[in-house]
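So the chains spell out like this:
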Amino acid sequence: MALTTCKECGGKMSDRATECPHCGCPRKFQDEIHPTDNSTAQSHEPLSEQPQQNPKKTHKGLWISIAAILVVALCAGAFLLFGGTSTLKITPEFTQALQRYDQIDAFSEGMAAVRRDGKWGYINLKGEEVIPCQFSDVFPPGQFSEGLACVVDDRSEEDNKLWNKRVGFINKKGEFVITGDYFTEAPTLGTVWEDENHKLPSFKDGRCAVWNTAVFSLEGDGTESGWSKEYEANKIVLIDSNGKISESTDSTAYQLANYHPYVIPTPYKGVLTPTETKVAFDDYTVNIARDTVECDNGAKLVTWQIIDPIGMYGGTYEKTCQFYIDQYGNSTLTPEQEKSMEQHLNGLMASLLEKHNEQLRREAEEQERLRSVGPEWLQGNWEYTLNTGDKMYVKIDNGTMTVDLNNGYLRQECSYVCNGDIIDGGDKAPKFRIDGEKKILTTFDGNPMTKTIFFPLPSDSNHSPSYNTSSRTTSNKEERYKKRLRQLTDEHNKLLSEMRTYRSRGQLDPMNAMWYKQRMLSIKDEQIDLARQLGDDYLVHQYQTKREQLELIFRSLGMGL
């Protein structure tokens with residue numbers, strides 16, 4: 001028996017064996033694929049020790065190589081995912097670091113702008129403040145793009161004279177690398193300045209659009225009117241990463257469309273659109289808005305606002321909470337933040353309930369007041385001429401009624417209530433009716449009364465009813481009337497002086513002028529009535545002339561009667 005070599009695996013085997021003990025290949029199969037050389041078949045000497053190729057081993061090596069490549073790829077992916085600098089990994093330390101800031105921005109190129117105590121800076125993906133909060137918040141800073149970010153450059157005190165703001169570009173170390181005559185838009189050239197939610201520009205394809213003209217304020221060093229000489233030439237130019245102005249023939253419209261300097265990737269105050277509305281009692285509503293901005297690393301910046309529309313006209317009207325969510329759904333929203341937002345919402349709803357109840361109370365009180373004292377137009381002085389020729393005067397004053405006959409000699413005063421359309425003063429005064437359709441007061445039998453400014457002065461018990469207006473004897477009544485005339489004259493002169501002063505200062509608005517008009521004309525009407533009571537026709541004529549002069553004054557102010 002001699003040894004031979006397996007032509008399949010190269011192992012040693014007996015020449016009488018029917019199959020290879022190493023690989024199991026049948027002897028017959030080997031002879032068919034690898035015919036025996038006659039010259040060697042006759043010899044029983046061992047085969048040459050020359051290395052033989054092993055096909056099975058070759059396939060195994062190929063698979064091992066492929067597996068190694070896959071392992072390396074998976075390791076590289078895991079590194080980029082969990083240890084790389086371009087992916088946000090939310091940790092308790094990162095979440096805690098965010099609590100130091102009042103406002104945060106979306107991540108771009110591994111950096112996110114943050115605001116604290118009225119200044120902006122930047123953090124990295126670990127939450128480390130790599131660029132201190134030192135930049136002005138006149139405008140929220142730009143995002144990092146192509147290694148640069150735009151911020152307000154307020155290092156020069158001379159720039160305080162500018163109406164718009166100088167800007168520069170910093171690198172990721174916070175160093176200014178591009179400075180020059182680059183500015184924000186002038187406030188009167190568009191709506192960008194009016195909307196404080198716009199951010200500063202960022203680079204795109206190696207270029208960035210900026211305004212290149214300084215505009216001085218009225219207190220600045222511009223022309224005689226206070227404006228810059230180049231004001232009309234204020235325009236947008238394109239600069240490259242070296243700060244060189246691009247010699248571009250593109251129109252401003254094209255530049256704005258392709259390199260717009262005021263992008264809004266992050267929601268700020270007043271930008272959010274309500275996504276949910278909670279209605280509380282009729283017109284009282286609370287808007288809840290959640291806005292999401294995609295970062296460039298797969299994370300998302302969420303801004304959650306609770307907006308009180310009632311508060312828009314005074315005081316704080318919103319509460320804002322911002323947090324990040326990574327691509328696996330992990331969030332930096334803390335239980336304390338969520339609880340604070342929920343408490344704010346509940347408190348706001350409770351406040352609306354209180355306002356609603358307060359409104360109901362006021363409406364009920366107003367209904368009760370109207371039921372007791374009558375409508376607003378009813379308040380004032382009314383007169384009616386009796387069949388005897390005497391006049392009856394009625395003063396309605398929010399629950400108090402005064403009835404006077406014979407020009408101040410027969411006076412009754414009492415409280416009253418409105419029972420439907422009847423004014424009832426009890427046993428101390430006659431009853432009257434309210435004509436709500438015509439808005440007039442009538443006697444109980446339906447005779448209309450006339451509203452008047454005049455109401456008789458209180459009578460004197462020592463004065464005799466038979467007063468003769470032609471008598472030269474000075475009576476107590478005459479003294480009272482003359483004293484009242486002097487008081488009215490002093491008041492009129494004071495009002496006239498005030499009105500002229502306000503007008504000379506440009507402070508006489510239409511509402512004030514209307515008030516002066518009504519008060520001064522009512523004074524003249526009362527003076528005319530008092531002069532008639534005194535029987536002094538000359539004095540009546542004087543007051544009527546002065547009243548006509550007043551009408552001319554108010555007509556000159558555009559307030560015709």
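Here is a short report on the structure shown in this document.

**Focus on helix α6 (residues 335-373)**
The first and last C-alpha atoms of α6 sit 56 Å apart over 39 residues, in line with the 57 Å expected at 1.5 Å per residue. Residues of α6 that are buried include every one of Q337, M341, L345, L348, L352, H356, S372 and V373, and no others. For α6, the secondary structure elements touched by its buried residues are β12 (276-279), β13 (285-294), β14 (300-307), β15 (318-325) and β20 (417-419). Phi for G374, located one or two positions after α6, is positive at around 90°.

**As for the sheet that holds strand β3 (residues 103-104)**
Taken together, 4 strands build an open sheet; the order of strands is β3-β4-β5-β6 and the sheet is antiparallel. The strands lining the two open edges of the sheet, one partner per strand, are β3 and β6 (129-136). Bridging between strand β5 (residues 119-123) and β6 involves 4 bridges; their strand directions are antiparallel. Counted as the bridge partner of I123 is E129 from β6.

**Some points on the nonpolar core**
Residues L485, M499, Y516, M520, L530 and Y543 are the most contacted members of the largest nonpolar core, which totals 24 residues. When residues in this core are grouped by element, the largest group, 9 residues, is from helix α8 (residues 510-534). Once residues lying within four places of it in the same chain are set aside, the contact partners of Y516 are L495, E498, M499, Y502, L508 and F554. Ranked by size, the runner-up nonpolar core spans 19 residues in total, among them L378, M401, F432 and M449.

**Observations regarding the pairing of β13**
Bridge count for β12 against β13 is 4 bridges, and the pairing is antiparallel. Paired with V279 across the strands is T285, a residue of β13. As judged from the 8 bridges shared by β13 and β14, these two strands associate in the antiparallel manner. Bridge pairing in β14 links E294 to K300. Linkage of β13 to β14, two consecutive antiparallel strands, is achieved through a turn of 5 residues, within which G298 is found at a positive phi near 90°.

**Description of the sheet that holds β12**
Remark on secondary structure: sheet strands pair via backbone hydrogen bonds, oriented parallel or antiparallel. Strand order in this open sheet of 4 strands is β12-β13-β14-β15, and the pairing throughout is antiparallel. Only two strands of the sheet have a single partner each, and these edge strands are β12 and β15. Sheet twist, expressed as the mean angle between neighbouring strand axes with direction ignored, is 15°. Packing against the sheet, α6 makes contact with β12, β13, β14 and β15, and its axis sits at approximately 20° to β14.

Definitions and limits used
Residues numbered from 1 in each chain as written. Predicted model: local features only at pLDDT ≥ 70, side-chain atom pairs only at ≥ 80, totals over all residues. Heavy atoms only, no water. Helix = DSSP H or I, 4+ residues; strand = E, 2+ residues; numbered from the N terminus. Expected span 1.5 Å × (residues − 1). Buried < 20%, exposed > 50% of the residue type's maximum accessible area, 1.4 Å probe, protein only. Contact = heavy atoms within 4.5 Å. Pairing = 2+ DSSP bridges. Core = buried A, V, L, I, M, F, W, Y, C linked by side-chain atoms within 4.5 Å. Axes fitted to C-alpha atoms, helices over the stretch in contact; angles between N-to-C directions.

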